[in-house]
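# Coordinate inspection notes
Chain residues, written in single-letter form:
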Amino acid sequence: MAIDETLLDLTGTITSNYVANNHVSIDEIKHVINLIHSTLAQLGGEPVQEEEAFVPAVTARKSLADPTKIISMIDGKPYSVLKRHLTTQGLTPAEYRARYNLPADYPMTAPAYSERRKAMAVKIGLGRKSTGRPKLGLAAPK
């Protein structure tokens, strides 16, 4: 059965039940049918959801003012890395940026934390070109 036929059948069934149990004049029947039909037709549509306006706890400038931490716009608390905090809130970095109208290059890591991690990586030799020596744990080719 097509959607229109189902809608007409439901309208007829509800109207006949309403008229059988309520006093309705002949002039009002057309209005009752139109009201029931339009109400049923609206039920099949997508519900209209209002977008929730998210008010940031701090401004974007203030969130990046301290190089040792980034202040979350969700709760106003400082973090070295926002990613874990965002996942606990059910957000991805892209969704966070979109929610608060932040640019695509808005950092998720505090600059001082990034520098510490970079220094540590350089210290242990990550990012250097291979010197031809075998890597630890691998046998030299014969």
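Our structure is the block above this text.
The following refers to the structure shown.

Here is what the cut-offs are and how they apply
- Residues numbered from 1 in each chain as written.
- Predicted model: local features only at pLDDT ≥ 70, side-chain atom pairs only at ≥ 80, totals over all residues.
- Heavy atoms only, no water.
- Salt bridge = Lys/Arg side-chain N within 4 Å of Asp/Glu carboxyl O.
- Buried < 20%, exposed > 50% of the residue type's maximum accessible area, 1.4 Å probe, protein only.
- Core = buried A, V, L, I, M, F, W, Y, C linked by side-chain atoms within 4.5 Å.
- Contact = heavy atoms within 4.5 Å.
- Helix = DSSP H or I, 4+ residues; strand = E, 2+ residues; numbered from the N terminus.
- Expected span 1.5 Å × (residues − 1).
- Arc of directions from axis to C-beta.

### A word on the pattern of salt bridges
Counted by the stated rule, this structure contains one salt bridge. Between K69 and D66 there is a salt bridge, and its shortest N-O distance comes to 3.1 Å. On the accessibility criterion, K69 (30% relative accessible area) is partly exposed.

### Here we look at the nonpolar core
Counting 13 residues, the largest nonpolar core has M73, L82, L86, Y96, L102, Y106 and M108 as the members making the most contacts within it. Residues within four places of L82 in sequence aside, it is in contact with I70, S72, Y96, Y106 and M108. In this structure, L7, V24, V32 and I36 belong to the second largest nonpolar core, which totals five residues.

### A short note on unusual backbone geometry
Across residues other than glycine, the phi torsion is negative in most instances, and most of the peptide bonds are trans. The phi torsion at N101 lies on the positive side, around 50°, for a residue other than glycine. Counting through the fold element by element, N101 comes out in the loop between helix 5 (93-99) and helix 6 (111-123).

### Comments concerning helix 6
For helix 6, with 13 residues, the first-to-last C-alpha span of 18 Å sits near the 18 Å given by 1.5 Å per residue. Two residues or fewer after helix 6 comes G125, characterised by a positive phi angle close to 95°.

### Description of helix 2 (residues 26-43)
Over its 18 residues, helix 2 runs 27 Å from end to end, which matches the ideal 26 Å to within 8%, given 1.5 Å per residue. What helix 2 keeps buried is the set V32, I36 and L40. One side of helix 2 carries all its buried residues, which in axial view fall inside an arc of 55°. Opposite the packed face of helix 2, turned more than 90 degrees from it, sit the exposed residues D27, K30, H31 and Q42.

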